[in-house]
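# Structural characterization, general
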Amino acid sequence: MSKVAVITGGAQGIGKGIAERLGTDGFKIVINDMNLDLANETVDEFKKKDIDAIAVKGDVSKQDDQFKTVSDAVEKFGSVDVFVNNAGIDQVEPLEEVTPENLEKIFNVNVFGTLYGIQAAAKQMKEQEDGGKIINACSIAGKTAFELLGAYSSTKFAVNGLTQAAAKELAQHKIKVNAYCPGIVGTSMWDRIDAKMVEYKNMEPGQAWEEQVKQIPLERSQTPEDVANLVSYLASSDSDYMTGQAINIDGGLEVH
């Protein structure tokens, strides 16, 4: 029987790369995204590649939506063996300019959304004989804070903490919890970061991106496929003795 993987924010960017890789690995795929049209387009694309997938509309910052996503996955495929808390948002601004509204928004998605995903996945996985795997989107910014990304970094530090706590609490139920920490990935998120760097640091368009890429020891920017390769491992039986870890996948940008 094929295993089932849920990927939040799975219709584009890193999430789509993860969903496609896990589908290629043989998982049945549930793509959770706020943009249902885009999610359905992704499902149609996957079906042409013989990946069995469905789309579910959901807002990760709403606890009920997270539980409904799991319920829909179980109704369609019978289980949830892997739950990837991939959905997240960025903010680029000096700490002195962070508003209550912006702080609430980024924590609702990146932190509350991750916790609600852990809760929903854990409830289902406890009912399954083999437990399951929860995989969270952290970041190198969840280990080292960066200027103008203070609020974002703080949410990713929180995800790191949630990953460690959940791993310890859920181990008795055969549920492993780990996180992946990307670096400079060529997605629309970095396009937004670069645009903000232009605004705040008097840079030329593309300059922030180029300067960051130059610092990567492997001398290239990261792709969603690079991240998906790590998630594939974390989702597989090869990582069955790993839990509570937040693993850098960044081309050597942050070495600890």
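Structure report, in brief. This one's a predicted model, so the numbers in the text were calculated from it and none came from an experiment.

### Here we look at the overall build of the chain
When you go through the chain residue by residue, the secondary structure sums to 8 helices and 7 strands. The C-alpha extent of the chain, read off along each of the three principal axes, is 55 × 40 × 35 Å. Expressed as a percentage of the 256 residues in the chain, the buried residues total 50%. Pairs at least 24 apart in sequence give 70% of the contacts found in the chain among residues at least 6 apart. Carbon and sulfur atoms provide 49% of the accessible area of the chain, an area that totals close to 12300 Å². A distance of 6 Å separates the average location of the 25 positive side-chain charges in the chain from that of its 39 negative side-chain charges.

### Concerning the packing of helix α3 (residues 63-77) against helix α4 (residues 100-126)
Orientation of α3 relative to α4, taken along the N-to-C sense of each, is 35 degrees, at an axis distance of 8 Å. Between α3 and α4 lies a crossing of right-handed hand. Counted together, Gln63, Gln66, Phe67, Val70 and Val74 of α3 and Gly113, Tyr116, Gly117, Gln119, Ala120, Ala121, Lys123 and Gln124 of α4 form the full contact between these two elements. Considering only residue class, the contact of α3 with α4 consists of 6 nonpolar, 6 polar and 1 charged.

### Brief notes about the side chain of asparagine 136
Inspection of the secondary structure puts asparagine 136 in strand β5 (residues 132-137). Apart from residues no more than four positions distant in its own chain, asparagine 136 is found in contact with Asn85, Thr114, Ile118, Val159, Thr163, Val177, Asn178, Ala179 and Tyr180.

### Description of the environment of aspartate 44
By the secondary structure assignment, aspartate 44 is in helix α2 (residues 36-47). Using a relative accessible area of 45% as the deciding quantity, one classes aspartate 44 as partly exposed. With 11 residues separating them along the chain, aspartate 44 and alanine 55 place their C-alpha atoms 9.7 Å apart.

### What to know about the nonpolar core
Formed by 27 residues in total, the largest nonpolar core has its most connected members in Ile18, Leu22, Ile29, Val84 and Tyr180. Among the elements of the structure, β1 (4-8), α1 (13-24), β2 (28-33), α2, β4 (82-85), β5 and α8 (224-235) are those that each provide at least two residues to this core. The element that contributes the greatest number of residues to this core is α8, accounting for 6 residues. Ignoring sequence-local partners within four residues, the contact set of valine 84 consists of Val6, Ile7, Thr8, Ile18, Leu22, Ile135, Tyr180 and Val231.

### A look at the pattern of salt bridges
Within this structure, the stated rule accounts for 9 salt bridges. Across the pair lysine 49 and glutamate 20 runs a salt bridge, and its minimum N-O distance is 2.7 Å. One end of the pair, lysine 49, is in the loop between α2 and β3 (53-57); the other, glutamate 20, is in helix α1, with 29 residues separating them in the sequence. Owing to a relative accessible area of 44%, lysine 49 belongs among the partly exposed residues under this scheme.

### Focus on the pairing of β3
Pairing geometry for β2 and β3, over 5 bridges, is parallel. Along β3, the bridge assignment pairs isoleucine 31 with alanine 55.

Procedures and definitions
Residues numbered from 1 in each chain as written. Predicted model: local features only at pLDDT ≥ 70, side-chain atom pairs only at ≥ 80, totals over all residues. Heavy atoms only, no water. Helix = DSSP H or I, 4+ residues; strand = E, 2+ residues; numbered from the N terminus. Buried < 20%, exposed > 50% of the residue type's maximum accessible area, 1.4 Å probe, protein only. Contact = heavy atoms within 4.5 Å. Areas by Shrake-Rupley, 256 points an atom, 1.4 Å probe, with all protein chains shown as cover. Lys, Arg positive; Asp, Glu negative; His and termini not counted. Charge placed at Lys NZ, Arg CZ, Asp CG, Glu CD. Axes fitted to C-alpha atoms, helices over the stretch in contact; angles between N-to-C directions. Left-handed = near helix turned anticlockwise from the far one by under 90°. Nonpolar A, V, L, I, M, F, W, Y, C, P; charged D, E, K, R; others polar. Core = buried A, V, L, I, M, F, W, Y, C linked by side-chain atoms within 4.5 Å. Salt bridge = Lys/Arg side-chain N within 4 Å of Asp/Glu carboxyl O. Pairing = 2+ DSSP bridges.

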